[in-house]
Amino acid sequence: MSLFRRAKPATKEKPTQAKADAALGLTTEQPPEFTVSGLWTDLLGRMGIRSAQILVVGALAGFIIVGMLRLTTIVIPTILAVIISCALWPLVVRLRRVVNALLAAWIVFLGSLLVLGGIGTGLVFSVTNEWSTLVDKAVQGFNQLNEIIQEVLGDLPFTIDQEQIDKAVQTVTGFLTSSQFGTGALNTISAAGSFVTGLILLLVILFFFLKDGDRIWAFAVSWTPKHYRNKWILSGDRALHTFGGYIRGTSIVAAVDSIGITATLLILQVPLAIPLGVIVFLGSFVPMVGATVAGVLATLVALVTNGPVVALIVLAAVIIVNQLEGNFLQPVVMANALSLHALVVLMALTAGTVLAGIIGAVLAVPLTAATWAVVKVWTGREKSDPAVEAKQDIIAEVALDEEASAIERLDAKEKAAKERALKEKADAGKPAHSLSEEPRDAAE
């Protein structure tokens, strides 16, 4: 019955203000599309906000770095104590199962002090007593190598300015044999005080870290928000394993490098073999460059004392040891302690050397590795690495493109074969309908 219902009369629309103005010939302006909030929500606004955040974070980081460089007497011993305590902490944990925390800390502290301190003191004195002779032999070896190079390059159209080379050698020799070399090498520690003060502070902080390291970390974590506490705890655990693994792994690698090169020098009867082995051991704590520079120094000494043949053998031994270190020892011994690209390591070494000299070169790599381990915890990259996933996606995308192009080429070949077959049969005078049926029969 709804079809027979009377339709409601249309209601008249009430004139709006806009229609009234239009009837009178007046025009109203539309509100502008531009708004103040759009300044911060468009692409340029978001980029500006992000840039401001980066500038603020960079300024804060720069302020912290400058402050740390001003307080090197406290900062450097504290960092060294943290790294060394992380390496010794597994011994403390094992001893705590037998004795109390105080006695375990004293045993590990005094034992490491006697072993490492005694060996280190003996090695340093052995190098110090022969340092001037070592430098003289290295300079003589460099001069002989320079003469050989000049003879080889004598027939070339360009020449090397010998005067500049001699000045550079004299400058380096004067610095290495001067009394300022020892204080200059330790300048970052003694900038705000004496070396003895920094050493005493290092030992005191190290003892308290061995005794109360877990309690100190628990107190620090207690100030963090509860919803972030798990990440803080995991970050501390990753930093502990990174520092400890790096120091233990580097010590093993340095010992192997030193033993290999020292044994080669002793077999070849090269003088100053023990001091050169000590320099190789200490230089191995500077990744990528330390052991190589020490090996070049051993080669130059062998060139002066035993001739070019022995020098070439020493150089071959240095190359073999470095290859063994890079391809076998570090991947096995270091494990995940140094999961950094070689370019990152080189940049960290450069930045550490510029900021804090030799101490900065030694500390830059472990600090960078620990920082990256903490960053992976906070960004969720520890369980699944987005870089690896992106690489797999790229490989999969390339494979799909190759498969699609292969299918297109196959279809093109089949189409060309069918057209060629149709043309051949058409030329032979066969009916057109049979031409389209034969490929279908062949496919069936």
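Residues numbered from 1 in each chain as written. Predicted model: local features only at pLDDT ≥ 70, side-chain atom pairs only at ≥ 80, totals over all residues. Heavy atoms only, no water.

> Before we go on, may I ask you to explain the overall build of the protein chain in this structure?
In terms of regular secondary structure, the protein chain is built from 16 helices and 0 strands. Per-residue burial for the protein chain yields a buried fraction of 27% across its 444 residues. Contacts in the protein chain between residues far apart in sequence, at least 24 positions, make up 71% of those at least 6 positions apart. When the accessible surface of the protein chain is totalled, it reaches about 29900 Å², and 68% of it is carbon and sulfur. (Helix = DSSP H or I, 4+ residues; strand = E, 2+ residues; numbered from the N terminus. Buried < 20%, exposed > 50% of the residue type's maximum accessible area, 1.4 Å probe, protein only. Contact = heavy atoms within 4.5 Å. Areas by Shrake-Rupley, 256 points an atom, 1.4 Å probe, with all protein chains shown as cover.)

> So what exactly am I meant to see when it comes to the nonpolar core here?
In summary, soluble globular proteins display a tendency toward joint burial of nonpolar side chains. Ile261, Leu265, Val270, Leu276, Ala302 and Val314 are the most contacted members of the largest nonpolar core, which has 18 residues in total. Counting residues per element, the ones that place at least two in this core are helix 10 (229-267), helix 11 (273-283), helix 12 (290-306) and helix 13 (308-334). Considering every element that reaches this core, the biggest residue donor is helix 12, with 6 residues. Excluding residues within four positions of it along the chain, Val270 makes contact with Leu265, Val301, Ala302, Thr305, Asn306 and Val310. Listed in part, the 13 residues of the second largest apolar core include Ala81, Val108, Ile205 and Phe207. (Core = buried A, V, L, I, M, F, W, Y, C linked by side-chain atoms within 4.5 Å.)

> Please explain a nonpolar patch on the surface as it appears in this structure.
Taken together, the side chains of Leu102, Leu103, Trp106, Ile107, Leu110 and Leu113 make up a nonpolar region of the molecular surface, amounting to roughly 510 Å² of accessible area. For Leu113, a relative accessible area of 38% puts it in the partly exposed group. (Patch = residues over 30% accessible without salt bridge, like charges linked within 9 Å, V, L, I, M, F, W, Y side chains within 5 Å. Salt bridge = Lys/Arg side-chain N within 4 Å of Asp/Glu carboxyl O.)

> Please explain the packing of helix 3 (residues 43-70) against helix 4 (residues 72-95) as it appears in this structure.
The geometry of a pair of packed helices is captured by two quantities: the angle between their axes and the separation between those axes. Here helix 3 crosses helix 4 at 100 degrees, and the two axes come no closer than 5 Å. Looking at the two axes, helix 3 sits roughly perpendicular to helix 4. Of helix 4, the residues touching helix 3 (which contributes Met68, Leu69 and Arg70) are Thr72, Val75 and Ile79. (Axes fitted to C-alpha atoms, helices over the stretch in contact; angles between N-to-C directions. Parallel < 35°, antiparallel > 145°, perpendicular 65-115°, else oblique.)

> Can you walk me through the side chain of Ser258 in this structure?
Mapped onto the elements of the fold, Ser258 is located in helix 10. The residues contacting Ser258, other than those within four sequence positions of it, are Gly277, Val278, Val280 and Phe281.

> Honestly, the packing of aromatic side chains in this entry has me stumped. Any pointers?
The geometry of two aromatic rings is summed up by the distance between their centres and the angle between their planes. One pass over the full model with this rule turns up 8 aromatic pairs. Aromatic side chains Phe219 and Trp223 sit 6.1 Å apart centroid to centroid with 80 degrees between the ring planes, which places their arrangement in the edge-to-face category. Ring centres 5.6 Å apart and planes at 80 degrees place the aromatic pair Phe281 and Phe285 in the edge-to-face group. A relative accessible area of 22% places Phe281 in the partly exposed class. Among the aromatic residues, those joined into a cluster by ring pairs are Trp106, Phe109, Phe207 and Phe208. (Phe/Tyr/Trp six-rings, centres within 6.5 Å; stacked < 30°, edge-to-face > 60°.)

> What should I look at first to understand helix 11 in this one?
Along an α-helix, a turn takes 3.6 residues, which lines up residues three or four apart on a common side. Burial within helix 11 is extensive, with 8 of its 11 residues counted as buried. Those residues of helix 11 not exposed but buried are Ala273, Pro275, Leu276, Gly277, Val278, Ile279, Val280 and Gly283.

> Help me out: how do you make sense of the pattern of salt bridges in this one?
Note on pairing: side chains with opposite charge can pair once their charged atoms come close. By the definition in use, this model includes 4 salt bridges. Across the salt bridge formed by Asp214 and Arg96, the nearest N and O atoms sit 2.8 Å from each other. Note that Asp214 is positioned in helix 9 (residues 195-221) and Arg96 in the loop between helix 4 and helix 5 (101-129), a separation of 118 residues in sequence. Among the residues examined, Arg96 registers a relative accessible area of 24% and is labelled partly exposed. In this structure, Lys211 engages Asp212 in a salt bridge whose closest nitrogen and oxygen atoms are separated by 3.1 Å. What emerges from the salt-bridge pattern is a single network uniting Lys211, Asp212 and Arg215.

> In this structure, what is going on with helix 9? I would like to understand it.
Helix length check: helix 9, at 27 residues, gives a terminal C-alpha distance of 33 Å against a target of 39 Å (1.5 Å per residue), a shortfall beyond 12%. Asp212 marks the point of greatest bend in helix 9, at about 80 degrees. Turning to helix 9, its buried residues number three or more, namely Gly198, Leu202, Ile205, Leu206, Phe207, Phe209, Leu210, Asp212, Gly213 and Val221. (Expected span 1.5 Å × (residues − 1). Bend = angle between axes of the 7 residues up to and from the residue.)

> Explain the environment of Trp232 here, please?
Mapping Trp232 onto the fold places it in helix 10. By relative accessible area, which is 35% here, Trp232 ends up partly exposed.

> What is the right way to look at the confidence of the model for the protein chain in this model?
A low pLDDT score tells you not to read the predicted coordinates there in detail. Across the protein chain, the average pLDDT comes to 74, with 66% of residues at 70 or higher. Element-level mean pLDDT values for the protein chain span from 45 in helix 8 (residues 180-185) up to 88 in helix 4. For the stretch residues 175-193, pLDDT sits under 50, and the model shows 24 contacts to residues farther than four places along the chain or on other chains. Here residues 434-444 scores under 50 on pLDDT; set against residues more than four positions off or in separate chains, the count is 6 contacts. (pLDDT = per-residue confidence, 0-100.)

> I keep staring at the packing of helix 10 against helix 14 (residues 342-379) and nothing clicks. Help me out?
At a minimum axis distance of 9 Å, the contact between helix 10 and helix 14 shows a crossing angle of 150 degrees. On the basis of their axis angle, the class for helix 10 and helix 14 is roughly antiparallel. For the element pair helix 10 and helix 14, the recorded crossing hand is right-handed. Taking contact as the criterion, the partners of Lys231, Trp232, Leu234, Ser235, Arg238, Thr242, Phe243 and Tyr246 in helix 10 are, on helix 14, Val362, Val365, Pro366, Leu367, Ala369, Ala370, Ala373, Val374, Val377 and Trp378. Each residue belonging to the contact of helix 10 with helix 14 can be placed in one class, and the counts come to 14 nonpolar, 2 polar and 2 charged. (Left-handed = near helix turned anticlockwise from the far one by under 90°. Nonpolar A, V, L, I, M, F, W, Y, C, P; charged D, E, K, R; others polar.)

> Would you mind going over the environment of Thr73 with me for this structure?
Counting through the fold element by element, Thr73 comes out in helix 4. Through-space distance from the C-alpha of Thr73 to that of Gly198 is 5.6 Å; in sequence the pair is 125 residues apart.

> Would you mind showing me how to read unusual backbone geometry here?
Within the chain, Gln269 stands out as a residue other than glycine whose phi angle is a positive 60 degrees. Among the structural elements, Gln269 can be located in the loop between helix 10 and helix 11.

> In this structure, what is going on with the environment of Tyr228? I would like to understand it.
Secondary-structure assignment places Tyr228 in the loop between helix 9 and helix 10. On the basis of relative accessibility, which here comes to 38%, the residue Tyr228 falls in the partly exposed class. Here the alpha-carbon distance between Tyr228 and Trp378, two residues 150 residues apart in the chain, equals 9.4 Å.

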